[in-house]
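Architecture at a glance
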Amino acid sequence: MLFRSSADTTLTVSQPLLRGLGRSVARRPLTSAELRREDAGRMQSLSEQQVAVEVAAAYYRVVSQQAFVEVARQSLLRSRQLREASEAKLDAGLVSQLDSLRSQQLVAQAETQLFDAQSAVEDARDQLAFLMGRPSGESFDVVAAVPRVSSDPIDVSSATRLAISNRLDLKSRQAARDDAENQIRYTRNQLLPQVDVNFALTRRETAQTFADSFALEGYRFATFFTIAMPVDRTTQQVDYQSALIDRERRRRDAAMLERQIGDNVKQAVRERDRLLRNVAAAETSVELSKREVEVAQMRYSNGLSNNLDVVTAEANLLQAEGRRIQALADSAVASLRLRAVLGIFNPRTDMTDVAGVFSLASTLPKP
């Protein structure tokens, strides 16, 4: 019995000459994936900055409320001393009953303010625990100190340039703008005809045995071209025009964000300077209020006036202390926000240099 087998084997290598030519076209999906990965990393860094600023604001809120509790407690102590003095003078017939009633009302107001301050502390601690991912009501200590912000002047032009060169969201917009150029080149390439040069190593013969059909003899080298052009290129043309529109949109987005960054830097610098002025004014107001309380108490003790001046002075001092504490906390948070606006805020390193932030840096995940 005679056995014959048909051996038909071809190895072909194809190289595009127009459509699909170039490394940028071949690795277009990989380039897009790399861009998305880098953008995801930048978004993670932005989220970390936002969380760090929110935690710092909540932390300073706890510190400021605890300081206000102490101020309210001291005010209550002075109010009770005034009430005792007013009652003693009333028994001696040196003051009217109106003075005693005013002192009692001052004590009631001081107690209410102390209770409100203590409730505000609990609310602030719950908010901080939530931001740190801890159960509500968990006990933790905070350092009762708010760092003072440097009052050195900031050049807005230099700060704007620094922000434009460091802001991660702007880098994402710029990367998207550059990727739009790659997309245009890719879609333009898809409009070209398909012209490929092919290199083939082929064999087509009849083998006498089954084993001979797998032999390596009889191969021939062949070269040929393949040309293909679709009749309807509407889809490719639409993709190209869409890429052009998307490039212009991304250019406008990047330019608009640069303008917004400039405005944000100016606003952040003005806000920082305004809060620093508020701190200075609040501290001056506290000193004047303390002197006013001392003078009012001295005049009242010497019988030169009634206790209405003392009550008014105590109320003014409590308000001044509250404004000073709040101004200090706001200025500290504004300093962190300014660094975030400039794009130079690193939660893993900068937070360790802020007085009063106990272990926030250690609770952040390691890179």
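Residues numbered from 1 in each chain as written. Predicted model: local features only at pLDDT ≥ 70, side-chain atom pairs only at ≥ 80, totals over all residues. Heavy atoms only, no water.

Helix and strand counts for the protein stand at nine helices and three strands. Counting from the amino terminus, the protein carries its helices and strands in the arrangement β-α-α-α-α-α-β-β-α-α-α-α. With 367 residues in all, the protein has 35% of them scored as buried. Sequence-distant contacts, at least 24 apart, represent 81% of the contacts inside the protein between residues at least 6 apart. Summing over all exposed atoms, the protein offers an accessible surface of approximately 21700 Å²; the carbon and sulfur share of this is 53%. (Helix = DSSP H or I, 4+ residues; strand = E, 2+ residues; numbered from the N terminus. Buried < 20%, exposed > 50% of the residue type's maximum accessible area, 1.4 Å probe, protein only. Contact = heavy atoms within 4.5 Å. Areas by Shrake-Rupley, 256 points an atom, 1.4 Å probe, with all protein chains shown as cover.)

Right, let's talk about the packing of helix α4 (residues 156-166) against helix α6 (residues 234-301) for a bit. Where α4 meets α6, the closest approach of the two axes is 9 Å, and the angle between their N-to-C directions is 130°. Judged by the angle between their axes, α4 and α6 are oblique. Between α4 and α6 the crossing geometry is right-handed. Contacts from Val156, Ala159, Thr160, Ala163 and Ile164 of α4 reach α6 at Ile261, Gly262, Val265, Lys266 and Val269. Classifying every residue of the contact of α4 with α6 gives seven nonpolar, two polar and one charged. (Axes fitted to C-alpha atoms, helices over the stretch in contact; angles between N-to-C directions. Parallel < 35°, antiparallel > 145°, perpendicular 65-115°, else oblique. Left-handed = near helix turned anticlockwise from the far one by under 90°. Nonpolar A, V, L, I, M, F, W, Y, C, P; charged D, E, K, R; others polar.)

Our focus in this paragraph is the pattern of salt bridges. Should their charged atoms come close, side chains of opposite charge can pair. Going through the model one piece at a time under the given rule, you end up with 17 salt bridges. The residue arginine 27 makes a salt bridge to glutamate 34 at a minimum N-O spacing of 3.3 Å. Of the charged contacts in the structure, one is a salt bridge between arginine 247 and glutamate 248, with a shortest N-O distance of 3.6 Å. Judged by its relative accessible area of 17%, arginine 247 falls in the buried class. Residues participating in the shared-partner salt-bridge network are Arg28, Asp179, Asp246, Arg249, Arg250 and Asp253. (Salt bridge = Lys/Arg side-chain N within 4 Å of Asp/Glu carboxyl O.)

This paragraph deals with the environment of glutamate 258. Among the secondary structure elements, glutamate 258 is positioned in helix α6. Glutamate 258 sits 85 residues away from arginine 173 along the chain, and the two C-alpha atoms are 9.8 Å apart.

So, about α4. Every buried residue belonging to α4 is among Ala159, Thr160 and Ala163, and all of these are buried. Here the buried residues of α4 occupy an arc of 100° about the axis, which is enough to place them on one side. (Arc of directions from axis to C-beta.)

Here we come to the packing of helix α2 (residues 28-91) against α6. Direction vectors running N to C along α2 and α6 enclose 15°, while the axes themselves pass 12 Å from each other. The angle between α2 and α6 places the two elements in the roughly parallel class. Classified by chirality, the crossing of α6 by α2 is left-handed. Along the contact surface, α2 presents Arg78, Leu82, Ala85, Ser86 and Lys89, while α6 presents Gln297, Tyr300 and Ser301.

Tallying each qualifying case throughout the model produces one aromatic pair. With a centroid separation of 6.0 Å and 80° between ring planes, the pair formed by tyrosine 59 and tyrosine 60 is classed as edge-to-face. Considered together, tyrosine 59 and tyrosine 60 belong to a single accessibility category, that of buried residues. (Phe/Tyr/Trp six-rings, centres within 6.5 Å; stacked < 30°, edge-to-face > 60°.)

As a further point, take α6. With 68 residues, α6 extends 96 Å between its outermost C-alpha atoms, agreeing within 8% with the 100 Å of an ideal straight helix rising 1.5 Å per residue. Just past α6, the residue glycine 303 takes up positive phi, approximately 75°. (Expected span 1.5 Å × (residues − 1).)

Glancing now at a nonpolar patch on the surface. A grouping of Leu11, Val13, Phe199, Leu201 and Phe221 is seen on the molecular surface, where their side chains present a nonpolar patch of about 500 Å² in accessible area. Where the nonpolar patch is concerned, the elements lending two or more residues are β1 (5-16) and β2 (194-207). Owing to a relative accessible area of 36%, leucine 201 belongs among the partly exposed residues under this scheme. (Patch = residues over 30% accessible without salt bridge, like charges linked within 9 Å, V, L, I, M, F, W, Y side chains within 5 Å.)

Moving on: the nonpolar core. Within the largest apolar cluster, 21 residues are counted, with the highest numbers of intra-cluster contacts made by Tyr59, Tyr60, Val62, Leu128, Phe140, Val142 and Phe345. Elements supplying a minimum of two residues to this core: α2, α3 (97-132) and α7 (308-342). Setting aside residues up to four positions removed in sequence, valine 62 forms contacts with Ala124, Arg125, Leu128 and Val142. Among the nonpolar cores identified, the runner-up in size contains 11 residues, and Ala159, Leu257, Val265 and Ala268 belong to it. (Core = buried A, V, L, I, M, F, W, Y, C linked by side-chain atoms within 4.5 Å.)

Assignment of secondary structure puts arginine 42 in helix α2. The side chain of arginine 42 is buried and forms no salt bridge, while aspartate 39, the nearest opposite charge, is found at 4.1 Å. In this structure arginine 42 touches Leu168, Lys171, Ser172 and Ala175, once residues within four positions along its chain are discounted. (Lys, Arg positive; Asp, Glu negative; His and termini not counted.)

A word on the environment of arginine 274. Inspection of the secondary structure assignment puts arginine 274 in helix α6. Each C-alpha atom of the pair arginine 274 and serine 331 lies 8.7 Å from the other, and the pair is 57 residues apart in sequence.

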